[in-house]
Amino acid sequence: MTTSYDAIVIGSGQAGPFLAVRLAQAGLKTALVEREHLGGTCVNDGCTPTKTLVASARTAHVARRAGDYGVRIGGAVSVDMKAVKSRKDRVVAASVEGLTKWIAATPNLTLLWGHARFTGPHAIEVDGATIEADKIFINVGGRAVLPTWPGIADVPVLTNTSMMAVDTLPEHLVVAGGSYIGLEFAQMYRRFGSRVTVVEYGDRLIAREDREVSREVQQILEREGVSFHFSVHCAKVTPGDGGRGVRISLNAGGTAHELEGSHLLAAVGRRPNTDDLGLDKAGIATDARGYVTVDDELRTNVPGVWALGDVNGRGAFTHTSFNDHQIVADNLLHGATRRVSDRITAYALFIDPPLGRVGMTEAEVRARGRPALVGTMPMTRVGRAKERGETQGFMKVLVDAGSERILGASLLGIEGDEIVHSLLDVMAADASYKVIERAVHIHPTVSELIPTLLGQLKPLEAAP
């Protein structure tokens, strides 16, 4: 027997539930299919839990620095990892509970549990039952991949997902991967009290950023005791002594090293969850990496089928996934013509201090070959940062010399992940940088230095 719906949403990450509710509220009989847990990566093992853990780690870090602020703590600062995990679990549970109640209270919306697989362009099997709809939306997300090291299958390997179950303090955490996820965990667990070593294939951290950003991030983490190995190759893994932990033999920059770790965390990348979705039965096209190919309005090659979130390769963040649902819903329900290419790239690295990023890097601006202006300012010049005793990092903004439009910014410093939105909003308004340069900001704040920074723009010189 086949059950018919007007719309089917597969997956309950950041795009799925919001789109499903909007479709149901518009009068469409809608099914939301989820195989594991509501909320997807963000709520269960991504943004929500990790930022909760980051908050606990920062509290421990600030407590250890209490003496710098004239505050005396009687005794050493310690971390109760079971209590840390319990707090994280409560925050996650509250988010899932709220999402569950919202979905249950929405008329025209049915939640189906099970693994969805296409059996045709508009037919899906969910644990033996068949459902169909003229409109289908794929929001199945992605998962972590493991390093292709010999022996990796013979040792326990943690990912961002399995790390959420850890309630003890790793003695020595080895992080494979020096990018965004890996660095957040590296600093977090160093602050909890673990010894931490990061091994990276490339010659620097977060390779998509400008070199000065990579260098400063590395120095921030090294000051806290995180160790690094770069240009890693010929790595192989074996169980540690007595079968506990891991032993990693590697070559880093031409020098042989052997690491003994109690835990190994893989943070080398992610892949889309498309390999067990039956896309071939529906004729839905994917690229060489398995991402569902979509056009600028997130439509697949099959009419009436869309792909949203991490699975389409058009963004790897919660906010881009959420924006995907906005694009699809507004275009479908309200006759809008919103496009993926209209959004401005923006994201953050949630170490402490955080990196707020928007638009182009300096390398990308140079590649355009057009005259540009640049302004930089160390956080040591920011009064609020000095008052807080947190002066690491710098701010950099790039502007088109002709149009006066902001091209991009890297704000690595206290509250950089919040301040960056003042620039993002001006960019979204397609306004001159002088709009914010002439604005009167509140003192004393970090944001008040953005007009000052824009007031000292200089021509971007040729690369050395």
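Structure shown above.
Residues numbered from 1 in each chain as written. Predicted model: local features only at pLDDT ≥ 70, side-chain atom pairs only at ≥ 80, totals over all residues. Heavy atoms only, no water.

Colleague: Just checking my understanding: could you explain the sheet that holds strand 8 (residues 172-176) for this structure?
Modeller: Backbone-to-backbone hydrogen bonds join strands into a sheet, with any given pair of strands oriented parallel or antiparallel. Spatial strand order, 10-9-8-14: 4 strands in an open sheet with parallel pairing. Looking at which strands have only one partner, the edges of the open sheet turn out to be strand 10 (227-229) and strand 14 (263-266). Across the sheet, the mean angle from the axis of one strand to that of its neighbour is 20°, orientation sign disregarded. Alignment of strand 8 against strand 9 (residues 195-199), held across 5 bridges, turns out to be parallel. Paired with Leu173 across the two strands is Val196, which belongs to strand 9. (Pairing = 2+ DSSP bridges. Helix = DSSP H or I, 4+ residues; strand = E, 2+ residues; numbered from the N terminus. Axes fitted to C-alpha atoms, helices over the stretch in contact; angles between N-to-C directions.)

Colleague: Where do I start with the sheet that holds strand 20 (residues 394-400) in this structure?
Modeller: One open sheet holds the 6 strands; their spatial order is 17-18-21-20-19-22, and the pairing between them is antiparallel. The two strands at the open ends of the sheet, each matched to only one other strand, are strand 17 (346-349) and strand 22 (458-459). Sheet analysis places strand 17 next to strand 18 (residues 355-359), joined by 4 bridges and oriented antiparallel. Pairing of Ala346 across the sheet is with Val358, part of strand 18. In the packing of helix 6 (residues 211-223) onto the sheet, contacts are made with strand 17, strand 18, strand 20 and strand 21 (406-412), and the angle to strand 21 comes to roughly 15°. (Contact = heavy atoms within 4.5 Å.)

Colleague: Would you take a moment to explain helix 4 (residues 81-104) for this structure?
Modeller: It helps to recall that an α-helix has 3.6 residues per turn; residues three or four apart then point in one direction. In a regular helix each residue adds 1.5 Å, so 24 residues correspond to 34 Å; helix 4 covers 34 Å between its end C-alpha atoms and thus fits that length. Looking only at helix 4, the buried set comprises Met81, Val84, Lys85, Lys88, Val92, Leu99 and Ile103. For helix 4, the secondary structure elements touched by its buried residues are helix 1 (16-25), strand 2 (30-34), helix 2 (40-45), helix 3 (47-64), strand 3 (109-113) and helix 5 (180-192). With a side-chain oxygen positioned 3.2 Å from the backbone nitrogen of Lys82, the residue opening helix 4 is Asp80. (Expected span 1.5 Å × (residues − 1). Buried < 20%, exposed > 50% of the residue type's maximum accessible area, 1.4 Å probe, protein only. Polar contact = N/O pair within 3.5 Å; in protein donor to acceptor, adjacent residues only side chain to side chain.)

Colleague: Is there a simple way to think about the nonpolar core in this case?
Modeller: Note that soluble globular proteins tend to have their nonpolar side chains buried in a common cluster. Ranked by internal contacts, the top residues of the largest apolar core, which has 46 residues, are Ile8, Phe118, Ile124, Phe137, Ile138 and Ile284. If we skip the residues at most four places from it in the chain, Ile8 touches Ala31, Val33, Ile124, Ile131, Glu132, Ala133, Lys135, Ile136 and Phe137. Val84, Met164, Leu221 and Tyr347 belong to the second-largest nonpolar core, a separate cluster that totals 37 residues. (Core = buried A, V, L, I, M, F, W, Y, C linked by side-chain atoms within 4.5 Å.)

Colleague: I would appreciate a short explanation of helix 1 in the present structure.
Modeller: Counting buried residues along helix 1, 7 of its 10 residues qualify, which places the element largely inside the surrounding structure. Residues of helix 1 that are buried sit in contact with strand 1 (2-10), strand 2, helix 4, strand 3, strand 6 (129-138) and helix 8 (318-334). One or two residues past the end of helix 1 sits Gly27, with phi positive at roughly 100°.

Colleague: Any chance you could explain a nonpolar patch on the surface here in plain terms?
Modeller: Residues Tyr69, Val71 and Ile73 make up a contiguous nonpolar surface patch of about 260 Å² in total accessible area. Along the chain, Ile73 turns up in the loop between helix 3 and helix 4. Since its relative accessible area comes to 43%, Ile73 is described here as partly exposed. (Patch = residues over 30% accessible without salt bridge, like charges linked within 9 Å, V, L, I, M, F, W, Y side chains within 5 Å. Areas by Shrake-Rupley, 256 points an atom, 1.4 Å probe, with all protein chains shown as cover. Salt bridge = Lys/Arg side-chain N within 4 Å of Asp/Glu carboxyl O.)

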